[in-house]
Amino acid sequence: MIFKTLAGKTSVVGLRLPQTFIFLLVLGSLGFGALFFLPETSRLKRIFQHNSDSSAVITDSVNGQRAQPISPIGYGLIRAPPLDIGVLRSKSQLSSSNGKQRNNNKGRSQGTVSMEHMSEGDAADNKVHTRGVVVSSRARSPVRVKLRNCMLKPPYGANYGKPSDPESLQRREKVKEMMKFAWDNYKRYAWGENELRPLSRNGNDGRTFGGLRGASIVDSLDTLYIMGLGEEYQEAKEWVENNLNLSVGGEASLFEVNIRYVGGLLSAYYLTGEEVFKRKVVELGRNLLPAFNTPTGIPHGVVNLAGRSTGGDLGRSSVLAEFGTLHLEFVHLSELTKDPIYTEKVMNIRKHLNQLDKPHGLYPNALNPVSGNWEQHYVSIGALGDSFYEYLIKSYLMSDRTDEVAKRMYYAALEAIEKNLVQRSPGGLIYVAEWRGGILDHKMGHLACFSGGMIGIGAEHGSPETRQHQLDLAANITHTCHESYRRTPTKLGPEVFRFDDGAEATAPRVNERHYILRPEVVESYMYMWRLTHDPKYREWGWEALEALERHCRLATGFSGIIDVYGHIIQHDNLQQSFFLAETLKYLYLLFSDDDLLPLKDWVFNTEAHPLPVIPRNCSQKTEDTDRWPA
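Here is what the cut-offs are and how they apply
- Residues numbered from 1 in each chain as written.
- Predicted model: local features only at pLDDT ≥ 70, side-chain atom pairs only at ≥ 80, totals over all residues.
- Heavy atoms only, no water.
- Disulfide = S-S within 2.5 Å.
- Helix = DSSP H or I, 4+ residues; strand = E, 2+ residues; numbered from the N terminus.
- Buried < 20%, exposed > 50% of the residue type's maximum accessible area, 1.4 Å probe, protein only.
- pLDDT = per-residue confidence, 0-100.
- Contact = heavy atoms within 4.5 Å.
- Pairing = 2+ DSSP bridges.
- Core = buried A, V, L, I, M, F, W, Y, C linked by side-chain atoms within 4.5 Å.
- Salt bridge = Lys/Arg side-chain N within 4 Å of Asp/Glu carboxyl O.
- Axes fitted to C-alpha atoms, helices over the stretch in contact; angles between N-to-C directions.
- Parallel < 35°, antiparallel > 145°, perpendicular 65-115°, else oblique.
- Left-handed = near helix turned anticlockwise from the far one by under 90°.
- Polar contact = N/O pair within 3.5 Å; in protein donor to acceptor, adjacent residues only side chain to side chain.
- Nonpolar A, V, L, I, M, F, W, Y, C, P; charged D, E, K, R; others polar.

1. Details of the state of the cysteines
Here, the word disulfide means a covalent bond between the sulfur atoms of two cysteines. Tallied over the full model, the rule gives one disulfide. Across the disulfide from Cys449 sits Cys481; the S-S distance is 2.1 Å. Across the S-S bond of Cys449 and Cys481 the torsion is about -95°, and the bridge reads as left-handed. Taken together, the residues span a long stretch of sequence, with Cys449 in the loop between strand 17 (443-445) and helix 14 (451-459) and Cys481 in helix 15 (residues 467-486) at a distance of 32 residues. The exposure classification of Cys449 matches that of Cys481, with both residues buried.

2. Quick look at the confidence of the model for the chain
On average, residues of the chain carry a pLDDT of 81, and 73% of them reach 70 or more. Taken as a whole, residues 1-77 scores under 50 in pLDDT and shows 188 contacts with residues more than four places along the chain or in a different chain. In the model, residues 84-140 has pLDDT below 50 throughout and makes 168 contacts with residues more than four positions away in sequence or in other chains.

3. What about the sheet that holds strand 15 (residues 434-436)?
In spatial order, the strands read 12-15-16; together these three strands make up an open sheet with antiparallel pairing. Each edge of the open sheet carries a strand with a single partner, namely strand 12 (378-379) and strand 16 (439-441). Sheet topology note: the strand 12/strand 15 ladder contains two bridges and is antiparallel. Within the sheet, the bridge partner assigned to Val379 lies in strand 15 and is Trp435.

4. Describing the nonpolar core
Ranked by internal contacts, the top residues of the largest apolar core, which has 164 residues, are Tyr389 and Met444. With twelve residues, the top contributor of residues to this core is helix 7 (residues 254-272). Every residue in contact with Tyr389, bar those within four places of it in the chain, is listed here: Leu320, Tyr363, Val379, Ser380, Ile381, Tyr410, Ala413, Ile417 and Met454.

5. A look at the pattern of salt bridges
In the structure shown here, the tally under the stated rule is 32 salt bridges. Here Asp400 and Arg616 are joined by a salt bridge, their closest N and O atoms 3.5 Å apart. With a gap of 216 residues between them, Asp400 in the loop between helix 12 (386-398) and helix 13 (404-420) and Arg616 in the segment after strand 23 (610-612) connect regions that are remote in the sequence. According to the relative accessible area criterion, Arg616 is exposed, its value standing at 52%. Between Arg487 and Glu483 there is a salt bridge, with the nearest N and O atoms lying 2.8 Å from each other. Neither residue differs from the other here; Arg487 and Glu483 are each classed as buried.

6. What to know about the packing of helix 15 against helix 17 (residues 536-551)
The interhelical angle for the contact between helix 15 and helix 17, taken along N-to-C directions, is 25°, at an axis separation of 11 Å. As summarised for this structure, helix 15 and helix 17 are arranged roughly parallel, according to the angle between their axes. Both helix 15 and helix 17 take part in a crossing whose hand is left-handed. For the pair formed by helix 15 and helix 17, the contact residues are Ala475, Thr478, His479, His482 and Tyr485 on the first element and Tyr537, Trp540, Glu543 and Ala544 on the second.

7. Here's the deal with the environment of Ser387
On the secondary structure map, Ser387 appears in helix 12. When the C-alpha positions of Ser387 and Thr325 are compared, they lie 6.0 Å apart, and in sequence the two are 62 residues distant. Here the side chain of Ser387 touches Ala321 through a polar contact of 3.4 Å, landing on its backbone oxygen.

8. Quick word on the packing of helix 4 (residues 166-190) against helix 6 (residues 230-243)
Across the interface, helix 4 lies against helix 6 with an axial gap of 11 Å and an inter-helix angle of 40°. Taken together, helix 4 and helix 6 sit at an angle that is classed as oblique. Considering the relative orientation of helix 4 and helix 6, their crossing is left-handed. For the pair helix 4 and helix 6, contact is made by Lys180, Trp183, Asp184 and Lys187 and by Glu232, Glu235 and Ala236, respectively. Residues that form the contact of helix 4 with helix 6 fall into these classes: two nonpolar, no polar and five charged.

Next comes the structure, spelled out in structure tokens:
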């Protein structure tokens, strides 16, 4: 679909949820009346997940644009603005006009949440609803009371993240429209399947999730809720309650199930308080535990969700980015269940890693779960390694900065990465190369572009003398990733871009030119915007959004493209679930104010599912507050 100018034409979704009023008059012995309000209601993301479909079709040609002159930069020459600590530490409060409580089921222990569509302007002026959310009584279990009283901080700020400037508000509304469009087409053509194939108008299940279904539904729960898409959220919640079967017998990727299903259900529970999400995530967490039944406790990469076997090949290596991307979710499972087994499992992984020698301080990407030794000396902060490093700094932040082991591991790893992997290209671009037994491979994957944001959020917490240096490094890496987008005709970045044989942030190899709706570049834009408030990050995000609209939007959903350098566009026929969970959520947050899911109170897992920081004095706090809807 050709992208059209949005100025003055941004679709604003008005109040759409139908309302039905039923007036019941019961006479006789009961003698009362009631008025009820009834709303109607793969393997692998982190490795190569390009789906080549035989039905790929040619669509529009690219409107050629003359490239801007390339300005070589040097490491340290891009100076990021100082950290805006006031932004990160500012207090966020819920609006005093909280949504009405409606308790129509007094005898029930489980409440419901209903939401209505509202435009941003309507939400700001409406004094009846809280961002279109009408919250009825929730289950007041001891766990939930503790969460309300201590752990959970208001996610929506004073005005639900509504930006003050009209341009950002218009852009945020556009992201919301894209989410609704993607969801509506998934619902129409692939409801209950894992992902939508927009060209063939059907669903894709694959084998990544071991028979689990509805990945796009679970991945979208928090995005729908945050954006105020209430009818769509309610549909998703009802599907989870009635159709999400967790006792399937196939072998699933431990990593993918954890980040998408466990992360998505945890986030949905923390944001909404709906007990169904807690019940489901606790059940699923138990089903993942057999993966850890190895001599070392390093889990297998796959697990049989029915618990009939450990899953996986005993001779198969475990991948750093897979067994190292469990900590956030498993610690929260222990918080919810009061069962320490989940925390013990991930702490054992950390203990084992700290006992191993590391070549030049680097973590190789593969470990044998039986012997406990490294399988080879291949190091990458992109595919196979990436989110291990991300979870180190985020574990420290999620612990309310008390997890000193995670902090030491992160900064030691970052120092080794800077010393051995960070490079400057002949044209002055800063990138993070890959390391193969001491030999550098001068390439960087799209997946590695998350590192700009990671290094940025870690900058505040390092030693004072390194803070600005690390923020500059984050800015330089993010700039390089932006260049990988800017230097293509489509203005979308390739899966891998190189810095050798004359290449400068480009992909000379045909098999590395695809774009599959990945989020990592806009993820770093969002973090760098929040850390510096440099307006270029919002402009870069808007450029990416325009390119998505122009080249990836079809009549039946969004699709990745096969060649970002092609002047004739071919689509890969897959709307990835992480496009709904991550790419669109990060864009929405980029154009929102910082008190929407403030970074001081919430940490995003690697699938962009927000999890609350666990305050260090949480177990000691008992005082109730009115800052969170009851």
